[in-house]
Amino acid sequence: MVDETHMWAGERVTDKSARDERSRARTRHRPGGGNGYGGASSGAMGRDPAPNGRPRNNDPCYAALDLGTNNCRLLVARPTVGGFRVVDAFSRIVRLGEGLICSGRLSEAAMDRAVDALKVCAAKIEARNIVDKRLIATEACRSAVNGAEFIDRVARETGLELEIVDRETEARLAASGCTPLVDSTSDGAVLFDIGGGSTEVVWLDRLETRDGGPPAAVIRAWVSVPLGVVTVAERHGGVKVTRDDFEAMVDEFSPHLAGFVKAVGPHNCGRLHLLGTSGTVTTIAGVHLDLPRYDRSQVDGTWLGAEQVRVVVDRLIAMPFAERAANPCIGVERADLVLAGCAILEAVRRAFPCDRLRVADRGLREGILVELMRADSVWRHRSGVPT
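Cut-offs and rules
- Residues numbered from 1 in each chain as written.
- Predicted model: local features only at pLDDT ≥ 70, side-chain atom pairs only at ≥ 80, totals over all residues.
- Heavy atoms only, no water.
- Helix = DSSP H or I, 4+ residues; strand = E, 2+ residues; numbered from the N terminus.
- Buried < 20%, exposed > 50% of the residue type's maximum accessible area, 1.4 Å probe, protein only.
- Contact = heavy atoms within 4.5 Å.
- Axes fitted to C-alpha atoms, helices over the stretch in contact; angles between N-to-C directions.
- Parallel < 35°, antiparallel > 145°, perpendicular 65-115°, else oblique.
- Left-handed = near helix turned anticlockwise from the far one by under 90°.
- Nonpolar A, V, L, I, M, F, W, Y, C, P; charged D, E, K, R; others polar.
- Pairing = 2+ DSSP bridges.
- Expected span 1.5 Å × (residues − 1).
- Polar contact = N/O pair within 3.5 Å; in protein donor to acceptor, adjacent residues only side chain to side chain.

## Observations regarding the environment of Leu-204
Inference 1: Summarising the element assignment, Leu-204 is placed in strand β8 (residues 199-207).
Inference 2: With relative accessibility at 0%, the residue Leu-204 sits in the buried group.
Inference 3: Excluding anything up to four places from it in sequence, Leu-204 contacts Ala-175, Thr-179, Val-182, Gly-188, Ala-189, Leu-191, Ala-217, Val-218, Ile-219 and Leu-275.

In structure tokens, the structure reads:
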């Protein structure tokens, strides 16, 4: 029986409980303290070289790391007016959860891959003037019997102290990171974050803030299901996927949304929109745009109509594995996972047949950065902050 986690009638992610949680979790991570690095942007991404072309390693920065079932990702950013600017980033597919669904354990090979990636992250963090950081691990470490043992190994070999977060925190951080992309003229968005080992679906609204920073997330309901692209692909296969295989994946996921749909209650899908954050939706956007190589600047914030999504998904189902692997927006490492993600997306689309889907190339890490910076009141103290 799949263990789902739900929350109905949520509250702002910037409430006191969230601040208290951050205060407890962050104490050991603040090397020199620091407050009042004011002003910020709307989470604009991109490198930030100094005028001479070399990184500004001495600028006060914040770091966010997300070790998931499939990927290891790091962002380092500095506050700017209204949000932040990314000054360094790292992403590597490590497949930490490979084989977990059968064994219940993280394999030695998977842990070795993850540790190698985390060593790169540790070096990047060490090279910057980090005033605060949050380093999280999600479903693979949550569910593996040796998850805590792996966290101890990471601390010994990399110096990084990872925090295994619960599903509520994971949903909240994704919401914090994606809130700027919620259409302010709509009745809210159904946000979905398709991970490697779990999927979070959130009924999300936005609240404009008075601190000069990004809008705050209002979570009205959420559900977390421990099914993601890795677990679904391992269960159903990801290389040769027939239409029947695809429908079987949709059928496995769909029942886990029933309670969430009921919690949302009567709603007009014409007044809502979908908001997707994951490799699945960014891939669909890239394929739709026929990009010769993946380009975040063209993908993040892109709107797709329901028919455009259907056309791309049908195209991906019809593609032989070799063609999927050769697509510049998919690649060999994700070619066996993309259709599992499309099936989860299809289950969400059938539960909420909205006309529009907005694509987010942002999520947990951006949410961490927003919460860290807001806790330091950087947007209330904007004087002297570079833009």
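Next comes the rest of the write-up.
## Describing the packing of helix α3 (residues 108-126) against helix α5 (residues 147-158)
Inference 1: For the pair α3 and α5, the least separation of the axes is 10 Å and the interaxial angle reads 40°. With respect to α5, the axis of α3 lies oblique. Here α3 and α5 pass one another in a crossing that is right-handed. Across the interface between the two elements, Glu-108, Met-111, Asp-112, Ala-114, Val-115, Leu-118, Lys-119 and Ala-122 from α3 touch Phe-150, Arg-153, Val-154, Glu-157 and Thr-158 from α5.
Inference 2: Class assignment for the residues of the contact of α3 with α5 results in seven nonpolar, one polar and five charged.

## Quick look at the pairing of strand β9 (residues 216-225)
Inference 1: Within β9, nine of the 10 residues are buried, which leaves the element mostly enclosed by the surrounding structure.
Inference 2: Judged from the nine bridges that link them, β8 and β9 form a sheet pairing that is antiparallel. Within β9, the position partnered with Glu-200 by the bridge is Ser-224.

## What about the pairing of strand β10 (residues 273-277)?
Strand residues, when the strand is regular, have side chains that alternate between the two faces of the sheet.
Inference 1: Taking burial as the measure, the five residues of β10 include five buried ones, the bulk of the element.
Inference 2: Burial of β10 is two-sided: the residues His-273, Leu-275 and Thr-277 facing one way and the residues Leu-274 and Gly-276 facing the other way are all buried.
Inference 3: Note that β10 and strand β12 (residues 356-360) share four bridges and pair parallel. In the sheet register, Leu-274 faces β12, and the bridge partner there is Leu-357.

## Description of helix α6 (residues 167-178)
Inference 1: The end-to-end C-alpha distance of α6, which contains 12 residues, comes to 17 Å, matching closely the 16 Å that a straight helix rising 1.5 Å per residue would cover.
Inference 2: Of all 12 residues making up α6, 11 are buried, and the element is well covered by its neighbours.
Inference 3: The complete set of buried residues in α6 reads Arg-167, Thr-169, Glu-170, Ala-171, Arg-172, Leu-173, Ala-174, Ala-175, Ser-176, Gly-177 and Cys-178.
Inference 4: Residue Asp-166 occupies the N-cap position of α6, its side-chain oxygen lying 3.4 Å from the main-chain nitrogen of Glu-168.

## Remarks on unusual backbone geometry
Inference 1: Positioned with a positive phi, Arg-95 is a non-glycine residue whose angle comes to about 50°.
Inference 2: Here Arg-95 lies in the loop between β4 (83-93) and α2 (100-103).
Inference 3: Of note, the phi angle at Ser-377 is positive, near 55°, even though the residue is not glycine.
Inference 4: Its location among the elements puts Ser-377 in the segment after α15 (364-375).

## A closer look at the sheet that holds strand β6 (residues 163-164)
Inference 1: In space, the five strands of this open sheet follow the order β4-β3-β2-β5-β6, with mixed pairing throughout. The open sheet has two edge strands, β4 and β6, and neither has a second partner.
Inference 2: Both strand β3 (residues 71-80) and β4 contribute to a ladder of 10 bridges, which runs antiparallel. Bridge pairing in β4 links Thr-80 to Gly-83.

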